[in-house]
Amino acid sequence: MGGVLYLAIIVLGGLAEGFVMNRLVMPGDAAATAHNILASPLLWRLGVAGNLIVPLCAVALTWVFYLLLRPVSKRLVLLSVFFNLVSLAVEAVSKLFLLLVEPILGNAGYLKAFEPRQLQVLADLALASHGIAFNIALIFFGCGCLVDGYLIFRSGYLPKAVGILMQLAGLAYLTACLSALFTPAFAELITPAILVLPLVGESSLCLWLLAKGVNIAKWNERISAG
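Residues numbered from 1 in each chain as written. Predicted model: local features only at pLDDT ≥ 70, side-chain atom pairs only at ≥ 80, totals over all residues. Heavy atoms only, no water.

## Looking at the overall build of the protein
To keep it simple, the criterion reads: Numbering of helices and strands runs from the N terminus, with a helix taken as a DSSP run of H or I at least four residues long and a strand as a DSSP run of E at least two residues long. The contact criterion used throughout is that any non-hydrogen atoms of two residues lie within 4.5 Å. Each accessible area value is a Shrake-Rupley result obtained with a 1.4 Å probe; residue values ignore everything except the protein chains displayed when judging cover. Asp and Glu count as negative and Lys and Arg as positive, but His and the ends of the chain are not part of the count. Each charge is placed at NZ for Lys, CZ for Arg, CG for Asp and CD for Glu.
Across its full length, the protein holds 10 helices and 0 strands. Going from the N terminus to the C terminus, the protein shows its helices and strands as α-α-α-α-α-α-α-α-α-α. A separation of at least 24 residues holds for 75% of the contacts in the protein among residues at least 6 apart in sequence. Looking at the protein as shown, the accessible area adds up to about 11,800 Å², and 72% of this sits on carbon and sulfur atoms. Computed over 13 positive and 10 negative side-chain charges, the inter-centroid distance for the protein is 15 Å.

See the structure below:
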């Protein structure tokens, strides 16, 4: 179940953020972005829907990880849960800004009160707000990855290498998102290259859960020891 949920998150997140947003949103060009969204409303809505489904899957995945890693440390796994729930709460709110974009651009009533250029800027502001909130969410998620990686490394029933990769993913998220918020020039230098680490780390855990799962004998040893 954990592997399937993680795969859904990776695929939907990749399509929504990696494909739809990159295809329709033109950074620094509000007019071109507005034109692209209005010209491809179905694609835009599919992207927003994917963005909304991801947090739903992630809530269930957080529960799975809690059950999976609880034998290692009940206190640390709760810390991971708290980091992830805060991350998901902020991420869910961030999708509000995406849901505002199309109504801002396509509402006939707004055109009576605002010039088209003004509506384009408002829509661009909503997209920028989503980006800021999403980066904040990923900072908490990165902290959760650090804790999860440590728990996986110490578990004995999941590969230590996967734990290390998850911790590197967490560090990459923290570096990329803090840079995007506070040092945009540095963020442009390291992005998207630094995001390879989260892709490798999370994909390795996803594929291991799908293909291998946990070492049941060592899992039972941990349960007995606890």
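Once you've had a look at it, read on.
## Digging into helix H6 (residues 116–155)
Worth spelling out the cut-off: Each helix should span, by expectation, one fewer than its residue count multiplied by 1.5 Å.
The first and last C-alpha atoms of H6 sit 57 Å apart over 40 residues, in line with the 58 Å expected at 1.5 Å per residue. Immediately downstream of H6, the backbone of Gly156 shows phi near 85 degrees, a positive value.

## Focus: the UniProt feature "transmembrane region" (unreviewed entry) in the protein
To be explicit about the condition: UniProt positions are given in the numbering used here, feature names are shortened, and annotations may be inferred rather than shown by experiment.
Mapped onto this numbering, the UniProt entry annotates "transmembrane region" (unreviewed entry) at residues 42–69, 76–101, 132–153, 165–187 and 193–211. What you have in residues 132–153 is 100% helix and 0% strand, and the ends, taken at the C-alpha atoms, are 32 Å apart.

## Notes on a nonpolar patch on the surface
As a reminder of what qualifies: A patch consists of residues exposed above 30% relative accessible area that lack any salt bridge, with like charges linked at up to 9 Å and nonpolar side chains (Val, Leu, Ile, Met, Phe, Trp, Tyr) linked at up to 5 Å. For this document, the term salt bridge refers to a Lys or Arg side-chain nitrogen within 4 Å of an Asp or Glu carboxyl oxygen.
Where nonpolar side chains cluster on the molecular surface, the patch consists of Val4, Leu7, Val11, Leu15, Phe19, Leu207 and Leu210 and spans about 620 Å² of accessible area. Listing elements by their share of the nonpolar patch, those giving two or more residues are helix H1 (2–24) and helix H9 (196–211). As for its position among the elements, Phe19 is in helix H1.

## Comments concerning the pattern of salt bridges
Where charged atoms from two side chains of opposite charge approach closely, those side chains can pair. Per the counting criterion, the structure on display carries 1 salt bridge. A salt bridge links Arg45 to Glu102, with the nearest nitrogen and oxygen atoms 2.8 Å apart. Of this pair, Arg45 sits in helix H3 (residues 41–69) while Glu102 sits in helix H4 (residues 74–106); the two residues are 57 residues apart in sequence, bridging distant segments of the chain.

## Side note on the packing of aromatic side chains
Inclusion rule: Put simply, two rings from Phe, Tyr or Trp (the six-membered ring, in Trp's case) pair if the centres are within 6.5 Å, and we call them stacked under 30 degrees between planes, edge-to-face over 60, tilted for the rest. Lysine NZ or arginine CZ positioned within 6 Å of the ring centre and within 35 degrees of the ring normal marks a charge as sitting over the ring.
In the structure shown here, the tally under the stated rule is 3 aromatic pairs. We note Lys95 situated over the ring of Phe134; from NZ or CZ to the ring centre the distance is 4.3 Å.

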